[in-house]
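Understanding the architecture of this molecule
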Amino acid sequence: MDRYRVIVSDGEHFLQSMLATQLNHLVEEEQIVKHSVAVVEKFTCNLVQDKKLLIILALRVVQKEAEKIGNPGPLQPRGGARAPSGDTPASSSAAVTPAPAPAMTTTTTPAPQAPRQQTQANRSGRTAVYPIESLSPYQGHWTIKARVTAKTDIRTWSNQRGEGKLFNVTLMDESGEIRATAFNAAVDLLYDRIQQGKVYFISKAKVNLAKKKFSNLQNEYELTLERNTEIEECPDASDVPDVKFNFVTIEGLQEIPKDAICDVIGIVKEVSDMSTITSKATNKEIPKRELTLVDNSGYSVRLTLWGKQAEQYNAMDNPVIAFKGARVGDFQGRSLSAMSSSSMYINPDIPEAHHLRGWYDASGAEQSYQSHTSAMPSGGGANFDRAEIRSLNEVKTSELGMSDKVDTFSSRATIMHIKGDNLAYPACPAQGCGKKVVQMGDSWRCEKCDKSYPKPEHRYMVSMAVADYSGQAWFQGFNDVGKVVFGMSADELVEIRERDDTKFNQVLENTRGSTYNFACRARQDNYNDQTRVRYGISRILPLDYHEEATYLANLLRRSEWAR
């Protein structure tokens, strides 16, 4: 992440400064430029190579463009003496210039006093309190004052190098967040002492480069809590925020890539009974529960709770629920899954929750919602790109899918025929399963869930011949594709087939001649010892003629004819 350095001046003196990352948008959106006038509302001050560095945490722009004020010179310590080394520890300049961010100059009005929490800390004899934003491996002695916003269960591991255990916490102050991990002996010492939601003074932890594979926080560093780490509960937590969210609407999940971490808030529309799955790694049963969330974007999404969260969830009457750090999946389009590091807040006292509550009680309860299944790729990795449409003949002559990797392509084609045989299969009705079930007497058994059900939920398995001006190909799609093409669920179509053959054939006939935009995956497989290429549909979109016409009009405007 970029870090921006600025030079601030009151017209008499200037001082090297750095913007906290939450203020990056002021530079990137050009809300501040050279000589802008601003009020520094929150800040902290560190010593770097015996020079003061101001870290700006909050800034209010008074005037974007202004003339230079005065002829400022460098700020000198009062009386010509250096600041006491006990106030802030010396550190390398690399601590404040880790990114190749462009330097800029900004004129600001002076801040009237030193940061409150740092001053209080000094009076009590504690090492100066630093904002999380300013921590780096190059600092020696520091203390942070932070709230624990998330705490995981203790996890164990075993590999060739031995066995061990760990837990993680997420720490937050007004400047940002950082992840902290305790291992082995430190777990025994610290796990019960650290409670989620409380505020602590923390010092003597090790600052390391963050392992982004295991963390979604916007911080280049993380902490290792050790046996000598000092943790003291802080009775005055008024200046530390409860939690910071960066919510994504449920509709907006379609823009979030698979496996990304996000914050989401919604109304719990439906709650499934608790079930269990058996972990392949540990062979232990893990509890799970499915929630269906909706919001005023008109979309719904399924969120899976695991372990203790699944067992302890007992909220009633369609509560507002907020999740910090949920993982995005692509099962049936888009889904969410709570992780051990995710935090769940039921009916939180925040504006977004109050707004959703009012909307749902007024009109949302009676509204119907669209899932992502018909709008998102079920297999992941392919999106429709109108500018990159390929003809079916080009797809074949380019030998897409013939290599070891999966190729993706966009196509516009018309349905010529759909196979009526094996159009749907009986699937497990449990949310999140979808595996094929076997009829045993009067019930249907799912081996994966180890349960029997009175009836299955049929799911589409569509094989269709499509054509464009250049040729023909066979496309395969699953449940989301079938719903778009037939406009009904697989259960409804199976019922028609069993009740009225003529009407079933008419439904198939009505699909012919329908044109769609497809995002597809081309993959090589073997069938009866013969190698072939299969074209799987990741996304199917009915034609929007207004959108298509607008695209063509824009092409004409950019062409030579328009000049």
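None of the values given here were measured: they were computed from a predicted structure.

1. So, helix H8 (residues 490-499)
Of the residues making up H8, those classed as buried are Ala 490, Leu 493, Val 494 and Ile 496. The arc enclosing the buried residues of H8, seen along the axis, measures out at 160°, which places them on a common side. Residues Glu 498 and Arg 499 are exposed on H8 and point more than 90 degrees away from its buried face. As for H8, its buried residues are in contact with strand S24 (424-427), strand S28 (457-460), helix H7 (479-486) and helix H9 (501-510).

2. Considering the pairing of strand S26 (residues 443-446)
In terms of strand pairing, strand S25 (residues 438-440) meets S26 through three bridges, oriented antiparallel. Note on S26: the bridge partner recorded for Val 438 is Arg 445. The antiparallel pairing of S25 with S26 creates a hairpin that spans two residues between the two strands, and Gly 441 there sits at a positive phi of about 70°. Note: S26 against strand S27 (residues 451-453), three bridges, orientation antiparallel. In the sheet register, Arg 445 faces S27, and the bridge partner there is Ser 452. Taking the residues that link successive antiparallel strands as the turn, the S26-S27 hairpin has four residues, and the phi of Asp 450 there is positive, at about 60°.

3. Details of the packing of aromatic side chains
A ring pair, where both rings are aromatic, is described by two values, the distance of the centres and the angle of the planes. With the rule as written, the count across this model stands at twelve aromatic pairs. Each ring, one from Phe 245 and one from Tyr 345, has its centre 5.5 Å from the other, and the planes form 90°; the classification is edge-to-face. Here Phe 245, found in the loop between strand S15 (230-233) and strand S16 (261-271), pairs with Tyr 345, found in strand S22 (residues 343-346); they are 100 residues apart in sequence, far enough to count as distant. Judged by centre distance (6.2 Å) and plane angle (70°), the ring pair of Phe 475 and Tyr 535 falls under edge-to-face. Remark: Tyr 535 occurs in strand S32 (residues 530-542) and Phe 475 occurs in strand S30 (residues 471-477); sequence separation between them is 60 residues. Comparing Phe 475 with Tyr 535 shows no difference in burial state: the two are buried. Feature note: the residues Phe 409, Phe 475, Tyr 516, Phe 518 and Tyr 535 constitute an aromatic cluster, connected by ring pairs. In this arrangement the basic side chain of Lys 151 is found over the ring face of Tyr 191, its NZ or CZ atom lying 3.8 Å from the centre.

4. Points about the sheet that holds S26
The three strands are arranged S25-S26-S27 in an open sheet whose pairing can be described as antiparallel. For this open sheet the edge positions go to S25 and S27, each flanked by a neighbour on one side alone. Recorded for the sheet is a direction-independent mean angle of 40° between the axes of neighbouring strands.

5. Structural notes on the pattern of salt bridges
For the structure shown, the criterion picks out 16 salt bridges. One network of salt bridges, with partners in common, ties together Glu 177, Asp 263 and Lys 324.

6. Topic: the packing of H8 against H9
In the contact formed by H8 and H9, the axes pass within 6 Å of each other and the chain directions differ by 135°. The angle between H8 and H9 falls in the class oblique. Contacts from Leu 493, Ile 496, Arg 497 and Arg 499 of H8 reach H9 at Asp 501, Lys 503, Phe 504 and Val 507. Taken together, the residues of the contact of H8 with H9 sort by class into four nonpolar, no polar and four charged.

7. Section: the confidence of the model for the protein chain
Low pLDDT means the predicted coordinates in that region are not meant to be read closely. Mean pLDDT for the protein chain: 81, with 85% of residues reaching 70 or above. No element of the protein chain has a lower mean pLDDT than helix H2 (residues 116-123), which averages 42, and none a higher one than strand S29 (residues 462-468), which averages 94. Every residue in residues 80-124 is under pLDDT 50, and counting partners more than four places away or in other chains gives 103 contacts. A low-confidence stretch, residues 374-381 (pLDDT under 50), is modelled with 28 contacts involving residues beyond four sequence positions or located in other chains.

8. Looking at the nonpolar core
Counting 34 residues, the largest nonpolar core has Ile 418, Leu 423, Met 464, Phe 475, Phe 486 and Phe 518 as its most contacted members. Excluding its chain neighbours within four sequence positions, the residues that come into contact with Phe 486 are Ile 418, Leu 423, Tyr 460, Val 462, Leu 493, Val 507, Leu 508 and Thr 511. Phe 167, Val 169, Leu 171 and Tyr 221 belong to the second-largest nonpolar core, a separate cluster that totals 27 residues.

9. Let's talk about the environment of Pro 235
Note that Pro 235 resides in the loop between S15 and S16. Distance from Pro 235 to Tyr 200, taken between C-alpha atoms, is 8.5 Å for residues 35 residues apart in sequence.

10. Section: the environment of Phe 331
Checked against the element boundaries, Phe 331 lands in the loop between strand S20 (320-329) and strand S21 (335-337). Look at Phe 331 and you get partly exposed, because its relative accessible area is 33%. Distance in space between the C-alpha atoms of Phe 331 and Lys 258 is 9.6 Å, their sequence separation being 73 residues. The residues touching Phe 331, leaving out its near neighbours within four places in the chain, are Arg 302, Gly 432 and Cys 433.

Basis of the calculations
- Going along each chain's sequence as written, the residues are numbered from 1 onward.
- At least 70 in pLDDT is required for a residue's local features to be given in this predicted model, at least 80 for side-chain atom pairs to be given and counted, and no such filter applies to totals for whole chains, interfaces and linings, which use all residues.
- As a convention, hydrogens and water are excluded, and side-chain values are obtained from all of the structure's heavy atoms.
- Each residue is assigned to one of three classes by its accessible area relative to the maximum for its type, calculated with a 1.4 Å probe on protein chains only: buried under 20%, partly exposed between the two thresholds, exposed over 50%.
- Each helix corresponds to a stretch of at least 4 residues labelled H or I by DSSP, and each strand to a stretch of at least 2 residues labelled E; elements are numbered beginning at the N terminus.
- Directions are taken from the helix axis to each C-beta atom, and the arc is the one they span.
- Note on contacts: a residue pair is in contact if any heavy atoms of the two residues lie within 4.5 Å.
- Two strands qualify as a pair provided that DSSP identifies no fewer than 2 bridges between them.
- Here is the rule: rings of Phe, Tyr and Trp (six-membered ring for Trp) pair when centre to centre is within 6.5 Å. Planes less than 30 degrees apart are stacked, more than 60 are edge-to-face, and the remainder are tilted.
- Any Lys NZ or Arg CZ found within 6 Å of a ring centre and within 35 degrees of that ring's normal is scored as a charge over the ring.
- In this analysis an axis means a line fitted to C-alpha atoms, helices contributing only their contacting stretch, and an angle means the value between N-to-C directions, from 0 to 180 degrees.
- Basic side-chain nitrogens of Lys or Arg form a salt bridge, by our definition, when they fall within 4 Å of a carboxyl oxygen of Asp or Glu.
- The scheme is simple: roughly parallel for angles under 35 degrees, roughly antiparallel for over 145, roughly perpendicular for 65 to 115, oblique for anything else.
- Three classes are used, and their members are as follows: Ala, Val, Leu, Ile, Met, Phe, Trp, Tyr, Cys and Pro are nonpolar, Asp, Glu, Lys and Arg are charged, and the others, Gly among them, are polar.
- The predictor reports its confidence for every residue as pLDDT, a score running from 0 up to 100.
- By nonpolar core is meant a set of buried Ala, Val, Leu, Ile, Met, Phe, Trp, Tyr and Cys residues that side-chain atoms within 4.5 Å join together.

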